[in-house]
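Here is how the chains run, residue by residue.
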Amino acid sequence: MTAVLATLAGPMEQFEILDIIHLDLAGVNISFTNASLWMLISVVAVSVFMFAATNRAQMVPGKMQSAGESLYQFIADMLRDACGSEGMRFFPYIFTLFMFIFSCNLLGLWPTIPGLPYALHTFTPTSHIIVTFALAMVTITILLVYGFYKNGIGFLKLFVPSGVPWWLLWLIPLIEIVSFISRPISLAIRLFANMLAGHMILKIFAGFITALLAAGPMVGWLAIFPFLGNVALFLLELLVAFLQAYVFAILSSVYLNDALHPSH
Amino acid sequence: MDSRHQDDDLPSIDEFGERLDKSRRKDDAVEDLQRSERSALGQAFRIGTEMLAALLVAGALGYGIDQLIGSKPWFMLAGLALGFAAGILNVYRAMNEMNAALEEESKDE
Amino acid sequence: MTPILMIMAFAPGEAAESSGGLPQMDVSTYPSQLFWLALTFGILYWLMDRVFLPKLGGIIEERRNRIADDYDKAAEFKREAGEAEEAYRKALADARAKAASIAAETRASLDEEIAGMQADMDETLNQQIAAAEARIAQMQTAAEAKVREAAIETTKAVVQVLIDEQPDDAAVKNAIEAAQAS
């Protein structure tokens with residue numbers, strides 16, 4: 001029985017941060033970890049894709065160029081819908097954001113090659129709330145900096161919607177401020193929770209399969225059920241990987257729209 | 001004889017013009033259609049965490065104030081109420097944007 | 001306890017045991033994650049902003065312009081074809097009108113010529129008729145004079161025979177004219 005359990009990796013182990021190269025900068029630990037590695041892999045993957053899409057760009061596009069152009073149009077249309085044509089100044093940021101998150105989400109679904117050391121196991125950077133929260137804060141920082149730069153102090157009108165009766169003027173701004181602060185939190189939690197839950201369930205089901213197979217021929221055939229469950233779940237997670245990147249990007253666009261047009 | 005031949009040739013220019021216009025309109029229509037369907041989908045995934053985030057933010061703020069001035073648990077309770085209101089507001093806005101996107105879509109059709 | 005139940009009970013527990021809570025809540029990993037996120041995301045942003053997106057956007061824009069140009073060109077060709085057709089029709093109509101006018105002109109000049117010839121003919125004929133009439137009239141007067149002379153001579157002769165008196169010419173002439181008038 002202990003042998004069976006030893007083969008099981010706990011569902012949380014895949015989220016552990018492990019040093020690959022230990023680094024210190026002014027006493028702060030900035031080690032190159034498995035999280036860093038997979039961020040790097042994601043960025044390299046996106047760059048390779050974009051290079052293939054734009055290298056020898058032609059009037060009549062090849063397959064890679066078509067894919068790149070579709071993504072470009074997809075994000076550009078989304079941003080234009082949310083912010084109007086002025087919003088196109090945020091396009092490089094929103095596009096990078098979408099590609100980075102999508103790539104992290106998607107590559108994190110790659111099955112770990114058996115026998116690799118722990119630190120090289122597949123890792124999903126977007127399953128860590130500090131990462132998703134930092135990305136959300138970048139959006140909010142751009143929103144605040146650009147909002148005040150473009151509208152000056154009038155940007156504060158964002159917290160005082162027009163048509164509020166005077167006796168509610170103390171409460172509504174409070175609610176608006178809480179609502180504003182909750183934006184990066186909800187952005188961060190949504191992406192993090194989706195990635196966390198998806199990977200946990202995949203791992204638990206995978207654990208069932210291993211355990212059932214190891215339990216002997218009597219119950220081994222039952223492993224087909226968690227296996228089928230995992231196939232369906234994997235397909236669902238592919239969709240979620242895309243949808244969550246898309247939702248993160250579109251909500252960032254919607255929020256950035258407030259910097260351009262601060263009145264609700 | 002001559003005039004008959006001329007009449008046969010004549011519609012081909014108009015026909016060409018029609019085909020040209022049709023092709024042009026099709027290009028525009030494809031672009032419009034692809035656009036409107038997406039925004040509604042994106043908004044639908046938004047609502048779930050809006051409420052939670054607002055509660056969390058306002059509750060934490062209240063809790064922080066309580067810790068500072070030792071007024072447990074009043075500010076946290078007030079914060080939760082405020083968070084609830086902000087959460088409702090968030091959801092209400094998300095719904096509004098979703099409806100706007102859907103209306104725009106049905107207007108296109 | 002069946003193995004399945006064992007696993008169900010055990011699987012989540014082991015994680016908590018091995019890591020002591022969510023790895024996501026381990027604050028000591030935050031600086032490293034933030035540092036590498038900023039670095040990788042920053043590099044990707046720079047590449048997108050400076051290299052990939054301008055290239056991709058450029059080619060899309062170029063294609064859009066080309067397509068718009070092609071549509072414009074097609075419309076231009078269509079307009080030109082329409083103009084050519086119009087010109088052709090106009091030339092045809094002009095040629096027709098010209099042919100008709102030439103025919104009318106020819107007909108008019110022919111008519112004129114015929115009329116002229118007819119008029120000439122009429123004139124000569126009229127002249128000849130007039131001359132003939134004049135001659136006839138002359139001959140008639142001459143004949144009349146000769147008849148009257150003959151009548152006077154005859155009358156004188158008759159009168160001489162009857163009364164053997166040479167009558168006066170004037171008297172005879174008067175008598176004859178009187179007789180003629182009655």
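No experiment lies behind these values; they were computed from the predicted model shown.

J.: Honestly, the overall build of chain C in this entry has me stumped. Any pointers?
T.: From N to C terminus, chain C includes three helices and zero strands. The linear arrangement of helices and strands in chain C, starting from the amino end, is α-α-α. The buried share among the 182 residues of chain C stands at 18%. Accessible surface, chain C: about 13,100 Å² in total, of which carbon and sulfur atoms supply 61%.

J.: Even after reading the chapter, I still don't get the overall build of chain B, so can you show me in this structure?
T.: Helix and strand content of chain B: three helices and zero strands. Reading the helices (α) and strands (β) of chain B from amino to carboxyl end gives α-α-α. Residue burial in chain B is summarised as follows: out of 109 residues, 32% are buried. Within chain B, contacts between residues at least 6 apart in sequence are counted, and of these 68% link residues at least 24 apart. Accessible area of chain B: about 7,400 Å², with a carbon and sulfur share of 60%.

J.: Can you walk me through unusual backbone geometry in this structure?
T.: Most peptide bonds are trans, and most residues other than glycine sit at a negative phi. The step from B:K72 to B:P73 runs through a cis peptide bond, and the omega angle for that step is -5°. By the secondary structure assignment, B:P73 is in the loop between α2 (47-69) and α3 (74-108). Positive phi, normally seen in glycine, also occurs at A:A26, with a value near 50°. One can find A:A26 in the loop between β2 (24-25) and β3 (28-29). Residue classification places A:A26 among the exposed positions, given a relative accessible area of 79%.

J.: I would appreciate a short explanation of the packing of aromatic side chains in the present structure.
T.: One pass over the full model with this rule turns up 20 aromatic pairs over all chains. Judged by centre distance (5.3 Å) and plane angle (90°), the ring pair of A:F100 and C:F41 falls under edge-to-face. Linking A:F100 in helix α4 (residues 91-107) with C:F41 in helix α2 (residues 30-163), this pair reaches from one chain into another. Residue class for A:F100 comes out buried when judged on its relative accessible area of 0%. The class for C:F41 is buried, based on a relative accessible area of 9%.

J.: What's the story with the interface of chain A and chain C in this structure? I'm lost.
T.: One widely used convention gives an interface's size as the accessible area the parts lose upon coming together. Between chain A and chain C, the contact holds 61 residues from the first and 42 residues from the second. A combined buried area of about 4,800 Å² lies between chain A and chain C, and 79% of that area is made up of carbon and sulfur atoms. A salt bridge links C:R63 to A:E69; its shortest N-O distance comes to 2.8 Å. Linking chain A with chain C are seven residue pairs in polar contact (both at pLDDT 80 or more), by the criterion used here. Per-element accounting of the side of chain A that touches chain C gives the leading share, 11 residues, to helix α2 (residues 34-54) of chain A. Tallied by class, residues from the side of chain A that touches chain C come to 43 nonpolar, 15 polar and three charged.

J.: Sorry if this is basic, but what is going on with the packing of helix α3 (residues 63-83) of chain A against α2(C) here?
T.: Packed helices, taken two at a time, are described by the angle their axes make and the gap between the axes. For the pair α3(A) and α2(C), the least separation of the axes is 10 Å and the interaxial angle reads 90°. Taken together, α3(A) and α2(C) sit at an angle that is classed as roughly perpendicular. Contact residues: α3(A) offers A:Q65, A:G68, A:E69, A:Y72 and A:Q73, while α2(C) offers C:L53, C:L56, C:G57, C:I59, C:I60, C:R63 and C:R64.

J.: I would appreciate a short explanation of the UniProt feature "transmembrane region" (unreviewed entry) in chain B in the present structure.
T.: When the UniProt feature table is mapped onto this chain numbering, "transmembrane region" (unreviewed entry) sits at residues 44-62 and 74-92 of chain B. For residues 74-92 of chain B, the helix share is 100%, the strand share is 0%, and the end-to-end C-alpha distance is 27 Å.

J.: Just to check I follow, could you spell out the interface of chain C and chain B for this structure?
T.: Contacts between chain C and chain B engage 13 residues on the former and 10 residues on the latter. In total, about 1,100 Å² of surface goes out of reach between chain C and chain B, with carbon and sulfur atoms giving 58% of it. A per-residue breakdown of the area chain C buries against chain B is headed by C:Y71, C:K78 and C:E85, which together make up 51% of the total. Counting across the chain C and chain B interface gives zero salt bridges. Across the chain C-chain B interface, the total number found is zero residue pairs in polar contact (both at pLDDT 80 or more). Looking at the side of chain C that touches chain B residue by residue, the classes come out as eight nonpolar, one polar and four charged.

J.: When you look at the side chain of A:N257 in this model, what are you seeing that I'm missing?
T.: All names here are of chain A. Looking at the secondary structure, you find N257 in helix α8 (residues 224-260). Of the residues examined, N257 reaches a relative accessible area of 19% and is grouped as buried. Of the polar contacts made by the side chain of N257, one reaches the side chain of H261; its length is 2.7 Å. Residue contacts for N257: discarding those within four places in its chain leaves A82 and C83.

J.: Just to check I follow, could you spell out a negative patch on the surface for this structure?
T.: Residue and element names in this part refer to chain B. On the surface, a cluster of negative charge is made up of D14, E15, E18 and D21. Relative to the helices and strands, D14 resides in helix α1 (residues 2-44). A relative accessible area of 47% means that D14 is categorised as partly exposed.

J.: Got a minute to help me understand the nonpolar core in this structure?
T.: Looking at soluble globular proteins, one finds that nonpolar side chains tend to be buried together. Residues A:M50, A:I94, A:F95, A:F98, A:F100, A:L135 and C:M48 are the most contacted members of the largest nonpolar core, which totals 78 residues. Of all the secondary structure elements, the ones that give two or more residues to this core are α2, α3, α4, α5 (129-151), α6 (171-214) and α8 of chain A together with α2 of chain C. With 14 residues, α8(A) is the largest single contributor of residues to this core. If sequence neighbours within four positions are ignored, A:F98 has contacts with A:L71, A:F74, A:I75, A:F242, A:A245, A:Y246 and A:A249. Judged by nonpolar contacts, the second largest core, of eight residues, contains A:V178, B:A54, B:A58 and B:L89.

The rules behind these values
Starting afresh in each chain, residues are numbered from 1 along the sequence in its written order. Just so you know, chain letters begin at A and ligand numbers begin at 1, following the order they were written in. Where local features are concerned, this predicted model is filtered to residues with pLDDT of at least 70; where side-chain atom pairs are given and counted, the filter is 80 or more; whole-chain, interface and lining totals use all residues. Excluding hydrogens and water, the side-chain values take into account all heavy atoms of the structure. Counting from the N terminus, the helices are the DSSP runs of H or I reaching at least four residues and the strands are the DSSP runs of E reaching at least two. Summary of the burial criterion: residues with accessible area below 20% of their type's maximum are buried, those above 50% are exposed, and those between are partly exposed, where the area comes from a 1.4 Å probe applied to protein chains only. Here, Shrake-Rupley sampling with a 1.4 Å probe gives the accessible areas, and only protein chains in the shown set may cover a residue. Residues count as neighbours in contact if any of their non-hydrogen atoms are within 4.5 Å of one another. Centres within 6.5 Å make a pair out of two Phe, Tyr or Trp rings, where for Trp the six-membered ring is used; the pair is then stacked when the planes are under 30 degrees apart, edge-to-face when over 60, and tilted otherwise. When two parts are put together, the accessible area they lose, computed with a 1.4 Å probe and summed over both, is reported as buried area. Here a salt bridge means any side-chain nitrogen of Lys or Arg lying within 4 Å of a carboxyl oxygen belonging to Asp or Glu. In protein, a polar contact means a hydrogen-donor-capable atom and an acceptor-capable atom, both N or O and within 3.5 Å, with residues adjacent in sequence counting only if both atoms are side-chain atoms; elsewhere, any N or O pair within 3.5 Å suffices. Residue type decides the class: Asp, Glu, Lys and Arg count as charged, Ala, Val, Leu, Ile, Met, Phe, Trp, Tyr, Cys and Pro as nonpolar, and the leftover types, Gly among them, as polar. Lines fitted to C-alpha atoms define the axes, with helix axes restricted to the stretch in contact, and inter-axis angles between N-to-C directions lie between 0 and 180 degrees. By the definition adopted for this analysis, an angle is roughly parallel if under 35 degrees, roughly antiparallel if over 145, roughly perpendicular if from 65 to 115, and oblique otherwise. UniProt positions are given in the numbering used here, feature names are shortened, and annotations may be inferred rather than shown by experiment. Like charges are joined within 9 Å and nonpolar side chains (Val, Leu, Ile, Met, Phe, Trp, Tyr) within 5 Å, but only among residues with over 30% relative accessible area and no salt bridge; these make up the patches. Note that His is not counted, nor are the chain ends; the positive residues are Lys and Arg, and the negative ones are Asp and Glu. Taken as the charge centre is NZ of Lys, CZ of Arg, CG of Asp or CD of Glu, depending on the residue. By nonpolar core is meant a set of buried Ala, Val, Leu, Ile, Met, Phe, Trp, Tyr and Cys residues that side-chain atoms within 4.5 Å join together.

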